[in-house]
Each structure stands twice: as structure tokens, then as C-alpha cells.
Amino acid sequence: MENIIGERIKYFRQQRNLSRETLSKLLEISVHTLSKYEQGKREPSYEMLFKICNELEISIIDIFAPESYNETNDFSLYNKLRNTTSLKELLELTFLQNEHF
């Protein structure tokens, strides 16, 4: 699997003009750990992933859903993603059923 999670964390961190140092302090983790997440050398726990999303002011869906959903106005899938109640269901809707990844 590609480094989708790490790339998206880095993308949104940069969009918020946050340095790794700043975000790592907000998350109470080392810069080294955040760097490993962004490089795909380590995966954040689900709890940490939700904390990252909270600090970046994004939805967990923004990490997993490709930007092309917004470009193609595929709101039916986006709405399904928004209404998921479990991480397992979210992963099934994105990674396992989507060719974009």
C-alpha cells in the first residue's frame, strides 16, 4: 500500500502552515515520530490519527478520501464515508473498494 496516510498528514500540515515541530508539540510526540508518520515508515495508531485530524482541523475522511471525490462531485460516496461509524467500515469503503489508491 502506498503512503497515503503519511502524504495526507504532510499535505494538511503544510496547508495549515505548521512546521513539524509545532504539530509534534501539539500532538505531544517527538518530531522524529511525526517525520516517520509522514514518510510512511511508521503508522499512527487510530487514536493518534484522530488526534492528528483534530489538530489539523480536518475530518478523518480527509485523510482517506482522495481529492478527486470533490473534483468529480461524487457526493454519494463522500456521504457514505461521512456516515460511517467504524474505522473498519471507512477502510473498506476507501482502500479496499477504490482504485484511486
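Provided above is the structure to which this section pertains.
Notes on the structure follow. Everything numeric in this text was worked out from a predicted model, so none of it was measured.

1. Section: the side chain of Ser 24
At step 1: By secondary structure assignment, the location of Ser 24 is in helix H2 (residues 20–27).
At step 2: If we skip the residues at most four places from it in the chain, Ser 24 touches Ile 29, Ser 30, Val 31 and Leu 34.

2. What to know about helix H4 (residues 46–56)
Given 3.6 residues to a turn, an α-helix orients residues that are three or four positions apart in the same direction.
At step 1: Where H4 is concerned, the buried positions are Met 48, Leu 49, Ile 52, Cys 53 and Leu 56. All buried residues of H4 lie within an arc of 140 degrees about the axis, which places them on one face of the element. Residues Glu 47 and Asn 54 are exposed on H4 and point more than 90 degrees away from its buried face.
At step 2: Where H4 is buried, its residues contact helix H1 (4–15), H2, helix H3 (31–39) and helix H5 (60–64).

3. Things to note about the nonpolar core
At step 1: Counting residues in hydrophobic clusters, the biggest one holds 19 residues, and the most contacted among them are Ile 9 and Ile 63.
At step 2: Secondary structure elements with two or more residues in this core: H1, H2, H3, H4 and H5.
At step 3: The biggest single contributor to this core is H4, with five residues.
At step 4: Those residues within four positions of Ile 9 in sequence are excluded, and the remaining contacts are Leu 34, Tyr 37, Glu 38, Pro 44, Leu 49, Ile 52, Leu 56 and Ile 63.

4. Side note on the environment of Ser 19
At step 1: On the secondary structure map, Ser 19 appears in the loop between H1 and H2.
At step 2: A relative accessible area of 30% means that Ser 19 is categorised as partly exposed.
At step 3: For the pair Ser 19 and Val 31, spaced 12 residues apart in the sequence, the C-alpha separation amounts to 9.6 Å.
At step 4: Among the polar contacts listed, one links the side chain of Ser 19 to the side chain of Thr 22, at a separation of 2.9 Å.

5. Brief notes about the packing of aromatic side chains
At step 1: The tally for this structure, following the rule as stated, stands at one aromatic pair.
At step 2: Ring geometry for Tyr 11 against Phe 12: centres 5.0 Å apart, planes inclined by 80 degrees, an arrangement best described as edge-to-face.

6. A few points about the packing of H2 against H4
At step 1: Relative orientation of the contacting elements H2 and H4 amounts to 120 degrees, with a least axis distance of 10 Å. In terms of axis orientation, H2 runs oblique to H4. Here the hand of the crossing between H2 and H4 comes out right-handed. Contacts between H2 and H4 pair Leu 23, Leu 26 and Leu 27 from the former with Met 48, Lys 51, Ile 52, Glu 55 and Leu 56 from the latter.
At step 2: Of the residues in the contact of H2 with H4, the class split is six nonpolar, no polar and two charged.

Criteria and thresholds
Residue positions are counted from 1 within each chain, in the order its sequence is given. Only residues with pLDDT of 70 or above have their local features reported here, since the model is predicted, and side-chain atom pairs are shown and tallied only from 80 upward, although totals for entire chains, interfaces and linings are computed over all residues. In computing side-chain properties, one takes all heavy atoms of the structure into account and sets aside hydrogens as well as water. Here a helix means four or more residues in a row that DSSP labels H or I, a strand means two or more in a row labelled E, and each is numbered from the N terminus. Contacts are assigned to residue pairs that have any heavy atoms within 4.5 Å of one another. We call a residue buried when its accessible area falls under 20% of the maximum for its residue type, exposed when it is over 50%, and partly exposed in between, using a 1.4 Å probe and counting protein chains only. For this quantity, the arc is that covered by the directions from the helix axis to the C-beta atoms. The nonpolar core is taken to be a set of buried Ala, Val, Leu, Ile, Met, Phe, Trp, Tyr and Cys residues, with the residues joined through side-chain atoms within 4.5 Å. Distance and chemistry together define a polar contact, namely a pair of N or O atoms within 3.5 Å, with one atom able to donate a hydrogen and the other to accept it when in protein, and with adjacent residues in sequence counting only for side-chain atoms on both sides. For Phe, Tyr and Trp, where Trp contributes only its six-membered ring, two rings pair if their centres lie within 6.5 Å, and the inter-plane angle classes them as stacked under 30 degrees, edge-to-face over 60, or tilted in between. The axes are straight lines fitted to the C-alpha atoms, using for helices just the contacting stretch, and the angles between their N-to-C directions are given from 0 to 180°. Geometric relationships in this document are graded by angle, where less than 35 degrees denotes roughly parallel, more than 145 denotes roughly antiparallel, 65 to 115 denotes roughly perpendicular, and other angles denote oblique. We call a crossing left-handed when the near helix sits turned anticlockwise from the far one by less than a right angle, and right-handed when that turn is clockwise. Residues were grouped as follows: Ala, Val, Leu, Ile, Met, Phe, Trp, Tyr, Cys and Pro as nonpolar; Asp, Glu, Lys and Arg as charged; and all remaining residues, including Gly, as polar.

All quantities given are derived from atomic positions and should not be read as evidence of function.
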